[in-house]
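Chain by chain, the residues:
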Number of protein chains: 2
Amino acid sequence: MTTPTPVLLFGLGPIGQRIARLAAAREDLRIVGAVDIAPALTGRDLGEVLGLGRTLGVAVRAEPGAAPEGCVALHATGSSLERMAPQFRALLAAGYHVVSTCEELAFPFFHHARVAQALDGHAREVGRVLVGTGVNPGFAMDTLPLALTATSERVDHVRVERRVAAASRREPLQRKIGASLTPEAFEEGVRAGRIRHVGLPESAAAVAAGLGFRVDRIEDTIAPVIATERLTTQFLTVEPGQVAGVHQVARGFEGARERVSLELVMSVSVPASVDRILLKGEPDMALTVEGIHGDTATASITVNAVRSVATARPGLRTMADLALVHR
Amino acid sequence: MTTPTPVLLFGLGPIGQRIARLAAAREDLRIVGAVDIAPALTGRDLGEVLGLGRTLGVAVRAEPGAAPEGCVALHATGSSLERMAPQFRALLAAGYHVVSTCEELAFPFFHHARVAQALDGHAREVGRVLVGTGVNPGFAMDTLPLALTATSERVDHVRVERRVAAASRREPLQRKIGASLTPEAFEEGVRAGRIRHVGLPESAAAVAAGLGFRVDRIEDTIAPVIATERLTTQFLTVEPGQVAGVHQVARGFEGARERVSLELVMSVSVPASVDRILLKGEPDMALTVEGIHGDTATASITVNAVRSVATARPGLRTMADLALVHR
């Protein structure tokens, strides 16, 4: 057994707490700190906050403090790269490597090139690694399709279809995808930015960059899935004609030629979650996965990525830059 | 466009020539040398040897010579680590990184620990990377299952089933799996070491090590697939009762508990190739791939791995140590 890697938990919202629980259960990790700005949490023992039934000897504080050698901050506070960038800079400056669930960090070089370049420069300067991960973006619609191309001679087109059975998921997710709204309220939610899966264009950009596609344009469209029958979950009921979920598509183009098409359906009308990847090229390939668990997958991959940080080069990295992330 | 990576082709048998053709077609690689010991090849231009209809300005020679900076040798001469070790040592000493199709190199730490340790020490000493790859071992039954566990909270058991439709493959492969032999001749071929897929125990060891299973024993069994009807390929006919192919199983145990089970069927009776991965744990997952192309996949992944060598740490590495290998 090698020495456990020290980790800091940064952000103790629902995802951050899941990450914390996984980290607390791992023999190869040692929790050395926990940070959250909520006054209700600061000062309390992390084990108590997590409801573990035991203390962890780690008091939640409002600031990270200086990093022990080789410490990895597990960051889970938000999706927007612009808004998270100051947190990343502060963590890097304090000496932490950072693995974050920030969706726009997963592949920021296309849509947020300037912020990405600045963060990359900063991370290199201080000799630390910064990387975004998660199930989506971070795995199902970018890293896994790229991994599948390992035996490809040539890839002409990548199509990924991800269908998420939202009926068994937590209430905030069912609300986030617009379930039980009228189509009009759904459109209003989209316009207001309340309804949207963040990260699909980032996944399209990651796939394109990985495969050397010279994609100059990424389209991102969003539409409601309309229920054709009454659908009932633990939290809500959807009547026929109401919204059951979201249908989002990101497409990457080289001029007029589509090279990447990512289609995400998250809906309480989807009977079972399934991921499907279709490669056109030499050879054509088709991959199907059943069972990726949406609620725990992002927390798991964040914790699983820690091992690969140790061998990564300093800078802003992507999942494809890391040594293979696995349990 | 970054500067192309210089590559040396080492071994120009069937797989080596496939690798050479792929390398010659890639803009990101530059062939700087080609080595084969066959007197019929030495002195001839590589383009002519490959039948490209053009010269490449690279004469096949019997020795590699000194490596240009950052040069990667693509090694494809044999399956046995013991027999290949002197070639690896010579290439590393001459300054080459090495990506090899040698099956026993894919994960040599369990079955060939002493040789592996020596090669690792030598590679570190000279600051070069040595890594084994291929479709199997190297991808379908080890790297891909490990990649699937990225979102796993816990993995209890890994099962992989790989079925290869051998009827459409080249004649030497059909002969190697015993197609058209009597069961007695098959057993004789197994005893003589002529019939056996090399690398299955290595894949089992790679999966176990990646997931932290404390596997202390790996069983490797081989049995014939017996034809129940007449089967005809371009090269041979199998009568009912004769051998259609090989059924090989590698199982890894922690004490009495099975943790890994890899089942490989290569047979002219298999109608279509398919790979299936089943994870038991939290959560259970099932993955199916159709279309991995046996004949070109090993050559493709060898060429695709070159990019990841540049960022790998010196030493004997495995596919899981490298930055994600993709097209």
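Everything quoted here is computed from the prediction, not taken from an experiment.

Draft legend 1. Region of the structure containing the sheet that holds strand S6 (residues 129-132) of chain B. Residues and elements named next belong to chain B. Strand order in the open sheet made by the 7 strands is S3-S2-S1-S4-S5-S6-S15, with parallel pairing throughout. In the strand order of this sheet, the two ends are held by strand S3 (60-61) and strand S15 (315-317), each with one partner. Alignment of strand S5 (residues 97-100) against S6, held across 3 bridges, turns out to be parallel. Following the sheet pairing, Ser-100 is matched in S6 by Gly-132. Sheet contacts for helix H1 (residues 14-25): strand S1 (5-10), strand S2 (29-35) and strand S4 (72-75); angle to S2, the most-contacted strand, approximately 150°. Seen against the sheet, helix H3 (residues 81-93) touches S1, S4, S5 and S6 and runs at an angle of roughly 165° to S4.

Draft legend 2. Representation of the relation of the copies chain B and chain A within the structure. When chain B is fitted to chain A, the residual RMSD is 0.0 Å, and the transformation amounts to a turn of 180° plus an axial shift of 0.0 Å. Here the copies are linked by what is in effect a two-fold axis. When C-alpha positions in chain B are compared against the rotation axis, the closest is assigned to B:Ala323, at 2.2 Å. Interface overlap between copies: 100% of the residues of chain B at the interface are likewise at the interface in chain A, consistent with a symmetric, same-surface contact.

Draft legend 3. Quick peek at the interface of chain B and chain A. Contacts between chain B and chain A engage 44 residues on the former and 44 residues on the latter. If you sort the residues of chain B by the area they bury against chain A, B:Thr151, B:Leu324 and B:Arg327 come out on top, with a joint share of 18%. The tally of links between chain B and chain A comes to 0 salt bridges. At 6 residues, the largest contribution of residues to the side of chain B that touches chain A is made by strand S14 (residues 285-290) of chain B. Partitioned by chemical class, the residues of the side of chain B that touches chain A number 23 nonpolar, 13 polar and 8 charged. Of the pairings in the sheet, the one linking strand S14 (residues 285-290) of chain A to S14(B) comprises 5 bridges and is antiparallel in character. Looking across to S14(B), one finds that A:Thr288 is bridged to B:Thr288.

Draft legend 4. Layout of the environment of B:Leu278. Residues and elements named next belong to chain B. Here Leu-278 lies in strand S13 (residues 274-282). For Leu-278, a relative accessible area of 25% corresponds to the partly exposed category. As a C-alpha pair, Leu-278 and Pro-172 span 106 residues in sequence and 31 Å in three-dimensional space. With residues near it in sequence (within four places) discarded, Leu-278 still touches His-157, Val-158, Arg-159, Glu-161, Met-285 and Ala-286.

Draft legend 5. Helix H8 (residues 200-210) of chain B, seen in detail. Buried residues dominate H8(B), accounting for 10 of its 11 residues. Where H8(B) is buried, its residues touch helix H10 (306-309) of chain A together with helix H5 (143-148), strand S7 (154-165), strand S8 (217-226), strand S11 (243-254) and strand S12 (257-267) of chain B.

Draft legend 6. Seen up close, the environment of A:Pro283. Within the fold, A:Pro283 resides in the loop between strand S13 (274-282) and S14. Using a relative accessible area of 9% as the deciding quantity, one classes A:Pro283 as buried. In sequence terms A:Pro283 and A:Val155 are 128 residues apart; their C-alpha atoms lie 7.9 Å from each other. The contacts of A:Pro283, once residues within four sequence positions are left out, are A:Thr151, A:Ser152, A:Glu153, B:Gly291 and B:His293.

What counts and how
Residues numbered from 1 in each chain as written. Chains lettered and ligands numbered in written order. Predicted model: local features only at pLDDT ≥ 70, side-chain atom pairs only at ≥ 80, totals over all residues. Heavy atoms only, no water. Pairing = 2+ DSSP bridges. Helix = DSSP H or I, 4+ residues; strand = E, 2+ residues; numbered from the N terminus. Contact = heavy atoms within 4.5 Å. Axes fitted to C-alpha atoms, helices over the stretch in contact; angles between N-to-C directions. Least-squares fit on C-alpha atoms with pLDDT ≥ 70 in both. Buried area = accessible area lost by both parts, 1.4 Å probe. Salt bridge = Lys/Arg side-chain N within 4 Å of Asp/Glu carboxyl O. Nonpolar A, V, L, I, M, F, W, Y, C, P; charged D, E, K, R; others polar. Buried < 20%, exposed > 50% of the residue type's maximum accessible area, 1.4 Å probe, protein only.

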